[in-house]
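If you want the building blocks of each chain, they are given just below.
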Amino acid sequence: MAIRKIITLDHPKGHMLREKAKKVTQFDAGLERLVRDMWETMRDAPGVGLAAPQIAVPLRVLVAEYENERCALVNPEIIKAEGEVKGTEGCLSIPGYVGENIRRAEKVVVKGRNEKGTPVKIAAEGWFARVLQHEIDHLNGILYTDRLDDPKDLVEVPPEEEGEELAPTPASTIKG
Ligand code: ZN
């Protein structure tokens, strides 16, 4: 296992954060290794989600973990979305900032495969649903900053607060 470098917009490969990732067609040992590295990288950051383009791998793969819910998803697709909630999000690829009042569906159903190629279907709501939507956006080159209703909702956060582990309360900021 290895902790991979999380790229930010100003990284030489930062353009990859703006590109649509490719569908995975080969479910092999390389994919399983990628997913293991993504778990390790996400937990080290620490974050609640990570998409492969954030480590400069242009594939449709994500990992997400919030409280006792977790999943690795390959080629995920939102097949159902219900309701709307506003919340605060951070992104490991946009250090030093959070976005407030980001609108997301309250509940989603996502289908895809796990890293072994087995079809999976995940029904999520609340913060876990938000994490999944944030990470799926990454696979399409979309960042939370694209979803700000008001530019004033992009707020700078001091580095000392940013380094803190996320408290598992609904009021905490997700970072993925
Ligand atoms: Zn992110």
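Preceding this paragraph is the structure being described.
Calculation notes
- Residues numbered from 1 in each chain as written.
- Predicted model: local features only at pLDDT ≥ 70, side-chain atom pairs only at ≥ 80, totals over all residues.
- Heavy atoms only, no water.
- Pairing = 2+ DSSP bridges.
- Helix = DSSP H or I, 4+ residues; strand = E, 2+ residues; numbered from the N terminus.
- Axes fitted to C-alpha atoms, helices over the stretch in contact; angles between N-to-C directions.
- Contact = heavy atoms within 4.5 Å.
- Polar contact = N/O pair within 3.5 Å; in protein donor to acceptor, adjacent residues only side chain to side chain.
- Donors = N, O, S within 2.8 Å, 3.2 Å for Na, K, Ca; no water.
- Tetrahedral: all angles 85-135°; square planar, octahedral: opposite > 155°, others 65-115°.
- Buried < 20%, exposed > 50% of the residue type's maximum accessible area, 1.4 Å probe, protein only.

**Focus on the sheet that holds strand S7 (residues 119-125)**
So, step 1. As summarised here, the arrangement of the five strands in space is S1-S2-S3-S6-S7, forming an open sheet in which the pairing is antiparallel. Whereas interior strands pair on both sides, the edge strands pair on one side only; in this sheet they are strand S1 (49-51) and S7. Averaged over all pairs of adjacent strands, the angle between their axes in this sheet comes to 40°, without regard to strand direction.
So, step 2. Two strands pair when backbone bridges link them, and strand S6 (residues 107-113) and S7 are joined in this way by seven bridges, in the antiparallel orientation. Paired with Arg113 across the bridge in S7 is Pro119.
So, step 3. Running at roughly 160° to strand S2 (residues 61-66), helix H2 (residues 126-139) makes contact with S1, S2, strand S3 (69-82), S6 and S7 of the sheet.

**Considering the pairing of strand S5 (residues 97-104)**
So, step 1. Here five bridges tie strand S4 (residues 85-90) to S5, and the two strands are oriented antiparallel to one another. Within S5, the residue paired with Val85 across the bridge is Arg104.
So, step 2. Linking two consecutive strands that pair antiparallel, namely S4 and S5, is a turn of six residues; a positive phi of about 90° is found at Gly96 within it.

**A look at the side chain of Glu89**
So, step 1. By the secondary structure assignment, Glu89 is in strand S4.
So, step 2. One polar contact links Glu89 to Arg104, side chain to side chain, over a distance of 2.8 Å.
So, step 3. Looking at Glu89, its side chain comes within polar contact range of the side chain of Arg130, at 2.7 Å.

**Examining the coordination of the zinc ion**
So, step 1. Protein coordination at the zinc ion comes from Cys91 (SG), His134 (NE2), His138 (NE2) and Gly176 (O), with a distance range of 2.0 to 2.3 Å.
So, step 2. Note that the zinc ion binds four donor atoms; their angles at the metal cover 96 to 134°, and the shape is tetrahedral.
So, step 3. Mapped onto the polypeptide sequence, the residues donating to the zinc ion form the spacing pattern C-x42-H-x3-H-x37-G. Taken together, the residues Cys91 in the loop between S4 and S5 and His138 in helix H2 connect sequence positions 47 residues apart.
So, step 4. Of the residues examined, His138 reaches a relative accessible area of 2% and is grouped as buried.

**Considering the side chain of Asn75**
So, step 1. Checked against the element boundaries, Asn75 lands in strand S3.
So, step 2. The exposure class of Asn75 is buried, given its relative accessible area of 11%.
So, step 3. Engagement of the side chain of Asn75 in a polar contact is seen with the backbone nitrogen of Val24, the distance being 2.8 Å.
So, step 4. Those residues in contact with Asn75 that sit more than four places away from it in its chain are Lys23, Val24, Phe27, Arg60, Lys111 and Gly112.

**Quick look at the sheet that holds strand S9 (residues 174-175)**
So, step 1. Judged by pairing direction, the sheet is mixed, and its four strands sit side by side in the order S8-S5-S4-S9 without closing on themselves. Each of the sheet's edge strands pairs with one partner strand only, and the pair in question is strand S8 (154-156) and S9.
So, step 2. Sheet contacts for H2: S4, S5 and S9; angle to S4, the most-contacted strand, approximately 60°.

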